Amino acid sequence: MSQSYNRGLIEDFSRWREFEAGMWAWIFHKFTGWVLIGYLFTHIAVLSTAIPASGAETAVLQAGNDVYTQTIVSLEGLLLVRILEVGLLAVAVFHMLNGARLLLVDLGVGLESQDKSFYASLILTGAITVASVPTFIAGAF
Ligand code: HEM
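Residues numbered from 1 in each chain as written. Predicted model: local features only at pLDDT ≥ 70, side-chain atom pairs only at ≥ 80, totals over all residues.

### Quick notes on the packing of helix α4 (residues 79-106) against helix α5 (residues 114-137)
Think of two packed helices as two axes; the pair is described by the angle between the axes and how far apart they sit.
No. 1: Packing of α4 against α5 brings their axes to within 9 Å, and their N-to-C directions diverge by 155 degrees. Here α4 lies roughly antiparallel to α5, going by the angle between them. The handedness of the crossing between α4 and α5 comes out as right-handed. For the pair α4 and α5, the contacting residues are R82, E85, V86, L89, A90, V93, F94, L97, N98, R101 and V105 in the first and Q114, S117, F118, S121, L124, T125, I128, T129, S132, V133, F136 and I137 in the second. (Axes fitted to C-alpha atoms, helices over the stretch in contact; angles between N-to-C directions. Helix = DSSP H or I, 4+ residues; strand = E, 2+ residues; numbered from the N terminus. Parallel < 35°, antiparallel > 145°, perpendicular 65-115°, else oblique. Left-handed = near helix turned anticlockwise from the far one by under 90°. Contact = placed C-beta atoms within 7 Å.)

Okay, here's the thing in structure tokens:
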């Protein structure tokens, strides 16, 4: 005979203190997945506004005065954009690592060590993100 019990309200956000590794992995995976979708559309919108560059004269392109080059150069000139790029890398790396981990778990690999593999994804994401900072910040100042 099946038993039921009161799980409490999922809308009760104060319950985050009770979350275990699996719940955080679920939240972070959702968050990073939807951030990547948001970035994808922003990326397409920004670059498509620079499309007139394709019609520019060769001399204009060679001088780097076309709309596309100017758009990229001005964006990369903003420290905020460099910082957001580091954040995007962190989001993408976590989603990839945790996604690969989830696919393995779906295949029954590492079922007993899900917490450990989640923490490993977090640590690896942190290490790769920190290692990327010099590359993203180079020339920003
Ligand atoms: C190597 C690259 C990637 C891997 C291994 C991966 C893996 C996964 C997996 C396994 C899920 C399902 C998680 C579950 O069982 O609930 C998922 C969900 C999702 N992924 Fe990815 N993914 C990758 C790249 C991307 C990219 C590039 C985007 C966006 C442009 C993206 C957006 C999403 C979204 C929106 C979800 C659904 C989140 C939700 O539960 O609401 N993923 N991903």
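### Some points on the site of the ligand
No. 1: Taken together, 13 residues form the shell around the ligand, and within it G33, L36, M96, G99 and L102 come nearest.
No. 2: Elements with a minimum of two residues in the shell around the ligand: α1 (21-49) and α4.
No. 3: Of the residues forming the shell around the ligand, the biggest block, seven residues, is contributed by α1.
No. 4: For the shell around the ligand, the per-class residue count stands at eight nonpolar, four polar and one charged. (Near = placed C-beta within 6 Å. Nonpolar A, V, L, I, M, F, W, Y, C, P; charged D, E, K, R; others polar.)

### Regarding the environment of G22
No. 1: Note that G22 resides in helix α1.
No. 2: Under the C-beta neighbour-count criterion, G22 is labelled exposed, with 12 such atoms within 10 Å.
No. 3: In sequence terms G22 and D115 are 93 residues apart; their C-alpha atoms lie 6.9 Å from each other. (Buried ≥ 20, exposed ≤ 12 C-beta atoms within 10 Å, placed from the backbone.)

### Digging into α4
No. 1: Over its 28 residues, α4 runs 40 Å from end to end, which matches the ideal 40 Å to within 8%, given 1.5 Å per residue.
No. 2: The complete set of buried residues in α4 reads V91, F94, H95 and N98.
No. 3: Packing partners of the buried residues in α4 comprise α1 and α5.
No. 4: Positive backbone phi, approximately 90 degrees, marks G108, located one or two places after α4. (Expected span 1.5 Å × (residues − 1).)

### Let's talk about the packing of α1 against α4
No. 1: Their axes nearest at 9 Å, the elements α1 and α4 cross at an angle of 125 degrees. The angle between α1 and α4 places the two elements in the oblique class. Once α1 is placed against α4, the crossing between them reads as left-handed. Listed contacts from α4 to A25, F28, H29, T32, G33, V35, L36 and Y39 of α1 are L88, V91, A92, F94, H95 and N98.
No. 2: Of the residues assigned to the contact of α1 with α4, the class counts are nine nonpolar, five polar and no charged.

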